[in-house]
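Listed here are the chains, written in short residue letters.
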Amino acid sequence: MLVAGHLYPDLLNLYGDRGNLIAFARRCTWRNIPVTVREIILGEPVDFRELDFLFIGGGSDREQGIMAEDLRRHRDNLGEAIEDGLVVLAICGGYQFLGHHYQTGTERVIPGLGLLDLYTQAGPRRLIGNCAVEVELDGRPVRITGFENHSGRTFLGRVQPLGRVLAGYGNNGTDGLEGVRFRNVFCSYLHGPLLPKNPRLTDHLVSLALKRVGRNPALAPLDDRLEERAGAAALARLGLG
Amino acid sequence: MDAKLMIAISSGKTAAQCSQLLGHHGSSLPGKVALRLYPGTLRALAARAERGVILVTGTNGKTTTNNMLARVLLEAGYRVICNREGANLISGVTTAFLRKATASGHLEFDWAVLEVDEASVPGVAAEVDPRMVVVTNFFRDQLDRYGELDKTVTLIDDALGRLPQTQLVLNADDPLVAQFGGLASPAVFFGLAPHARVVERRHHTRESRFCPLCGKELNYAFYHYSQLGLFRCPDCGFRRPEPEVEGLQARYLEDGVACTIRRGGRDYPLELPTQGFYNLYNALAAFAAGTLLGVEPERVIESLESYEPATGRLQRFRYRDKPVYLNLVKNPAGFNESLALLRTDGRRKDVFIAVNDNVADGRDISWLWDVDFEVLEELQRNVAGFVCSGLRGEEMAVRLKYAGVALQKIVAEPNLKEAVGRALDGPGVAAYFFATYTALWPVEKVLRSRVTPERGKQHAGSRPSIS
Ligand SMILES: [Zn+2]
């Protein structure tokens, strides 16, 4: 049984992000891999080490603030789970919060969890639009697509990017990098939501989660023709056909 | 008359003719031209109202509410100016006045009834000095255009705060709207009493679960849909205001919805000839506004009961023997209500969904994942097939797949004409067409070439003059 956790689904679900949980769970179920989705509710006790997959989304400023306050109390527990191989997908606000800090303007610095070596700076205008990124999964290049909408510019320290921007802005609109990979943690600015649009990435996460619980990570193929057509259409819209 | 205004009016009208020649639909170009030449155009024209200007705003239902109210006033014998749907920014609103003005700038009317885009409320209100503002609801809509919902609501709150004389007509069931009752302006509330369809659980598309006044989580006795329901703040005491106009015993009819409207201790039965539960809210808003403006309640009911939906507001057609419905979808709350129609209609049907991602649709289509398509897992039993089209039709198809719709029931057909034909000729005995904003007219055009409008002609004479 895989346990997929959705962190604060009431707060952090700004751009259809719950689709990521839906995709993770469906692609398990379609292969008869037992999976359960656990909603992690604000203020309730949680042990992240009991999860196999954790999704962290983004929210509005106010909601983001509420989540930050609560999650800070679980920092060490989450850090241990990550060291232990917990598979994490963090998008946008969730991604930023795993880093050192978020700097708004010149004055204010909102501390992050500092679990990943990166920081974010507010930019003068929002980076909005369709986005395509080339990532490497199991040594093979895969093009993933999504929609980004963020004013923060993220800069990486000693961590690997998730991929290289083919179209759009990515982490900061300047260095051509998008997202982060660190152990089994995957971060990205791509909404869409990301996983339903990109089944190969989803399957990669499912495999990692299976490996973590000591099961065979090989996955039976599924009929992904609809997803492939949608991906092709999205790439075509970006002139990457 | 001011020479500058004269020139602005005539240039705007010339632009109107040109844009009609070019075949633009609902263009707001005339207003844009006139405002550029003379920024005071809207103020000057709106000031000519014999009785006043009414603004209708909110995320969902503003077109329908606006058209309903215009019809009520028109049938009560008033001369009414009303803007075209979609032309609801300041330029579109100005265009509505220009259309009715003569080339020499002459313009006479009693009421201007204007639907106004939420973000344009401050700008328009400052120019027209509205006698009344009707607010339907606030849902998440096209986030990439406006930023977050909170900001939109704050913007309108500020604008209304500068209009202490303006009569407000507010949805009591939506905490985001009901909070305006705390402003200095006189307010009348409309709302729905509990009925058979209320839900005790919160929907996935929660727009705002926190008290807009103090930030505490709101308690709900029940929900109508989304955040609309019987709410109360445990902390500061903010709660659903007692509505002066309340819909009781809401229920579905064969091909419509009904309720009893209670106002001032009297009951008025209402049968709306259009499906869609949310249309009751629109009717309640129009009833509250119409009666406040002095129209007899019985006459308001009469007008509402003969109301014809505008393009894509559950517009009805007939194809051979098959009833065909066309409905606009533009945000999760509205789409969920559209899916509720499939539950109400027990017939076997074909379903068509066109999703575009142009600017007017919202370029980010991830809102589709906030729609509860998961209800289709059960409802698909009565659906022969789903045809997905539009610029992002393939992604719509993916959404259905992950909602649990059987793969053999899903077709992605990017060619709109082809796709419409497929749904029309499907094996169902009814067909539902859902389209996002910029897909709506293309779909309607294809539909019109194949089907016959269900009603229409007999009421043509009494339609609000929005053409
Ligand atoms: Zn409160």
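The preceding data block contains the structure.
Along every chain, residues carry numbers that run from 1 in the direction the sequence is written. Whichever chain is written first becomes A and whichever ligand is written first becomes 1, with later ones labelled in order. pLDDT decides what is reported in this predicted model: residues at 70 or higher carry local features, side-chain atom pairs at 80 or more are listed and counted, and totals for whole chains, interfaces and linings draw on all residues regardless. Only hydrogens and water are removed before side-chain values are computed, so all heavy atoms of the structure are retained for them.

Peer 1: For this particular structure, what's the right way to read the sheet that holds strand E14 (residues 349–354) of chain B?
Peer 2: Whether parallel or antiparallel, the strands of a sheet pair through hydrogen bonds between backbone atoms. All names here are of chain B. Any two strands with at least two DSSP-identified bridges between them are counted as paired. Helix and strand definitions here come from DSSP, where helices need a minimum of 4 consecutive H or I residues and strands a minimum of 2 consecutive E residues; each element is numbered from the N-terminal end. Taken together, seven strands build an open sheet; the order of strands is E16-E15-E14-E17-E13-E12-E18 and the sheet is mixed. Each edge of the open sheet is held by one strand with a lone partner, namely strand E16 (410–412) and strand E18 (452–453). Sheet topology places strand E12 (residues 313–319) next to strand E13 (residues 322–328); six bridges connect them, and they run antiparallel. From the neighbouring strand, Arg313 faces E13, where its bridge partner is Asn327. Where helix H15 (residues 416–424) meets the sheet, it contacts E12, E13, E14, strand E15 (383–389), E16 and strand E17 (430–435), and its direction lies at approximately 160° from that of E14. In what follows, a contact means two residues having at least one pair of non-hydrogen atoms within 4.5 Å. Angles run from 0 to 180 degrees between N-to-C directions of axes, and those axes are lines fitted to C-alpha atoms, restricted for helices to the stretch in contact.

Peer 1: Looking at this structure, how should I read the coordination of the zinc ion?
Peer 2: For a metal with four donors in a tetrahedral arrangement, the ideal angle between donors is 109.5 degrees, while six donors in an octahedron ideally sit at 90 or 180 degrees. All names here are of chain B. Taken together, the protein donors to the zinc ion comprise Cys211 (SG), Cys214 (SG), Cys233 (SG) and Cys236 (SG), at separations of 2.3 Å. Every donor counted, the four donor atoms about the zinc ion form angles of 100 to 117° at the centre, which fits tetrahedral coordination. Because water is not among the atoms used, a metal site may look incomplete, as its donors are only the N, O and S atoms within 2.8 Å, or 3.2 Å for Na, K and Ca. Going along the chain, you hit the donors of the zinc ion in the pattern C-x2-C-x18-C-x2-C. With Cys211 in the loop between strand E6 (187–192) and strand E7 (219–225) and Cys233 in the loop between strand E8 (228–232) and strand E9 (245–253), this residue pair connects regions lying 22 residues apart in the sequence. Exposure is judged per residue with a 1.4 Å probe applied to protein chains only, and the accessible area is read against the type maximum: over 50% gives exposed, under 20% gives buried, and values in between give partly exposed. Overall, Cys233 belongs to the buried group, its relative accessible area being 1%. Each label reflects the angles at the metal, where four donors whose angles all fall between 85 and 135 degrees are tetrahedral, four or six donors whose opposite pairs open beyond 155 degrees and whose other angles stay between 65 and 115 are square planar or octahedral respectively, and the rest are irregular.

Peer 1: Can you walk me through the pairing of strand E7 (residues 118–137) of chain A in this structure?
Peer 2: Residues in a regular strand point their side chains to alternate faces of the sheet. Residue and element names in this part refer to chain A. Two elements, strand E5 (residues 101–104) and E7, share two bridges in a ladder whose sense is parallel. What sits directly across from Gln103, in E7, is Gln121. Where E7 meets strand E8 (residues 140–156), 16 bridges bridge the pair, whose relative direction is antiparallel. In the strand pairing of E8, Val133 is matched with Ile144. Where E7 folds back onto E8 in an antiparallel hairpin, the turn is made up of two residues, including Asp138, whose phi is positive at roughly 50°. Of the pairings in the sheet, the one linking E7 to strand E9 (residues 163–167) comprises four bridges and is antiparallel in character. Each bridged residue has a counterpart across the sheet, and for Val135 the counterpart in E9 is Gly163.

Peer 1: Sorry, what's going on with the interface of chain B and chain A here?
Peer 2: A common way to state how big an interface is: give the accessible area lost once the parts meet. Contact with chain B, which involves 36 residues of that partner, is made by 37 residues of chain A. Each partner contributes to the roughly 3400 Å² buried at the junction of chain B and chain A, and carbon and sulfur atoms together form 48% of this total. Think of a salt bridge as a Lys or Arg side-chain nitrogen and an Asp or Glu carboxyl oxygen that are within 4 Å of each other. Our enumeration of links across chain B and chain A arrives at seven salt bridges. Ionic pairing is found between Lys401 of chain B and Asp224 of chain A, a salt bridge with its closest N-O pair at 3.6 Å. For the purposes of these results, a polar contact is taken to be a pair of N or O atoms within 3.5 Å, where, inside protein, one atom must be able to donate a hydrogen and its partner to accept one; residues adjacent in sequence count only when each atom of the pair is a side-chain atom. Connecting chain B to chain A are 14 residue pairs in polar contact (both at pLDDT 80 or more). Looking at the side of chain B that touches chain A, the elements that each hand over two or more residues are helix H7 (143–146), helix H14 (393–403) and E16 of chain B. Throughout, the ten residues Ala, Val, Leu, Ile, Met, Phe, Trp, Tyr, Cys and Pro are labelled nonpolar, Asp, Glu, Lys and Arg are labelled charged, and all others, Gly among them, are labelled polar. Taken together, the residues of the side of chain B that touches chain A break down into 13 nonpolar, four polar and 19 charged. Throughout, the accessible surface (probe 1.4 Å) given up by two parts as they are put together, summed over both, is called the buried area.

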